[in-house]
Amino acid sequence: AQKVTQAQTEISVVEKEDVTLDCVYETRDTTYYLFWYKQPPSGELVFLIRRNSFDEQNEISGRYSWNFQKSTSSFNFTITASQVVDSAVYFCALSSNSGYSTLTFGKGTMLLVSP
Amino acid sequence: EAQVTQNPRYLITVTGKKLTVTCSQNMNHEYMSWYRQDPGLGLRQIYYSMNVEVTDKGDVPEGYKVSRKEKRNFPLILESPSPNQTSLYFCASSLWGPTDNEQYFGPGTRLTVT
């Protein structure tokens, strides 16, 4: 069985603060894939990143960065200098070799960025 | 434009009245799936289909049926809806499976069962 835990239900920050969203996963497989999705207030799901288990390099894309640590089974997401437009629900998700047909989502973290 | 479409976008119905939510993709994807999103529970997979010949249950299949007669369509059927199926439903597709680089999600269908 695979599991994704996003312990932070809601985070509130003021614009320009940095914020980190935590994601901890569980899987017995050695090959797996981790994802982050964003769901803005409009409701659609926006793909942010995919990372496979063999690539532990951290990723940076503009103000977004991701820290993948297999030793702690974590795939955390940091937004630098947050903006109001970053307000959304963020989901971490996992798909692994044995459960390759399914994508397991965490419960999501709601990020509120105030001006 | 590459997209996944769902219809209807909003639906209010009564307990026991059969309904179908359609899902269609124009990207020639093999893999399609349905999720429901509930507050505090995230997205949970209902059913998925690896191709037109393979369909299987996800984590919360009870009360739902699906059909994959054509590659592009994957309708979700509620034979006898109940209030606990009130939820936001998303259809998704990808080329081969959920490990693909990106799942393409539809816009969502908000269903209310009274």
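Anything mentioned here points back to the structure above.
Just so you know, these numbers come straight off a predicted model, no measurement behind them.

**Student:** What should I look at first to understand the environment of K69(B) in this one?
**Tutor:** Within the secondary structure layout, K69(B) lies in the loop between β7 (65-66) and β8 (76-78). Separated by 41 residues in the primary sequence, K69(B) and R110(B) have C-alpha atoms spaced 24 Å apart.

**Student:** Would you mind showing me how to read the state of the cysteines here?
**Tutor:** Structurally, a disulfide amounts to a covalent bond that connects the sulfur atoms of two cysteines. Under the criterion given, the structure shown has 2 disulfides over all chains. Across a sulfur-sulfur distance of 2.0 Å, C23(A) and C92(A) are joined as a disulfide pair. Negative torsions about the S-S bond denote left-handed disulfides, and the value of about -65 degrees found for C23(A) with C92(A) makes this one left-handed. Of the two residues, C23(A) is situated in the loop between β3 (19-21) and β4 (24-26) and C92(A) in strand β10 (residues 88-96); the sequence distance between them amounts to 69 residues. Residue class for C23(A) comes out buried when judged on its relative accessible area of 0%. For C92(A), a relative accessible area of 0% translates into the label buried. C23(B) shares a disulfide with C91(B); S-S distance 1.8 Å. Looking down the S-S bond of the C23(B) and C91(B) bridge, the torsion is -70 degrees, so its handedness is left-handed. Here C23(B) is found in strand β3 (residues 19-25), whereas its partner C91(B) is found in strand β9 (residues 87-94), with 68 residues between them in sequence.

**Student:** Quick question: what am I supposed to make of the interface of chain B and chain A here?
**Tutor:** As a measure of interface size, the accessible area lost when the parts come together is often cited. Taken together, the contact between chain B and chain A spans 19 residues of the former and 17 residues of the latter. The junction of chain B with chain A conceals about 1700 Å² of combined surface from both sides, 60% of it contributed by carbon and sulfur atoms. For the chain B face of the interface with chain A, the top three residues by lost area are L43(B), P98(B) and T99(B), together amounting to 30%. Seen at the junction of chain B and chain A, the total is 0 salt bridges. At the boundary of chain B with chain A, the tally comes to 2 residue pairs in polar contact (both at pLDDT 80 or more). Those elements giving two or more residues to the side of chain B that touches chain A turn out to be β4 (31-38), β5 (42-51) and β9 of chain B. The greatest single-element share of the side of chain B that touches chain A, amounting to 5 residues, is contributed by β5(B). Here the residues of the side of chain B that touches chain A are counted per class, giving 10 nonpolar, 7 polar and 2 charged.

Calculation criteria
- Residues numbered from 1 in each chain as written.
- Chains lettered and ligands numbered in written order.
- Predicted model: local features only at pLDDT ≥ 70, side-chain atom pairs only at ≥ 80, totals over all residues.
- Heavy atoms only, no water.
- Helix = DSSP H or I, 4+ residues; strand = E, 2+ residues; numbered from the N terminus.
- Disulfide = S-S within 2.5 Å.
- Buried < 20%, exposed > 50% of the residue type's maximum accessible area, 1.4 Å probe, protein only.
- Contact = heavy atoms within 4.5 Å.
- Buried area = accessible area lost by both parts, 1.4 Å probe.
- Salt bridge = Lys/Arg side-chain N within 4 Å of Asp/Glu carboxyl O.
- Polar contact = N/O pair within 3.5 Å; in protein donor to acceptor, adjacent residues only side chain to side chain.
- Nonpolar A, V, L, I, M, F, W, Y, C, P; charged D, E, K, R; others polar.

This is a description of form; function is not addressed.
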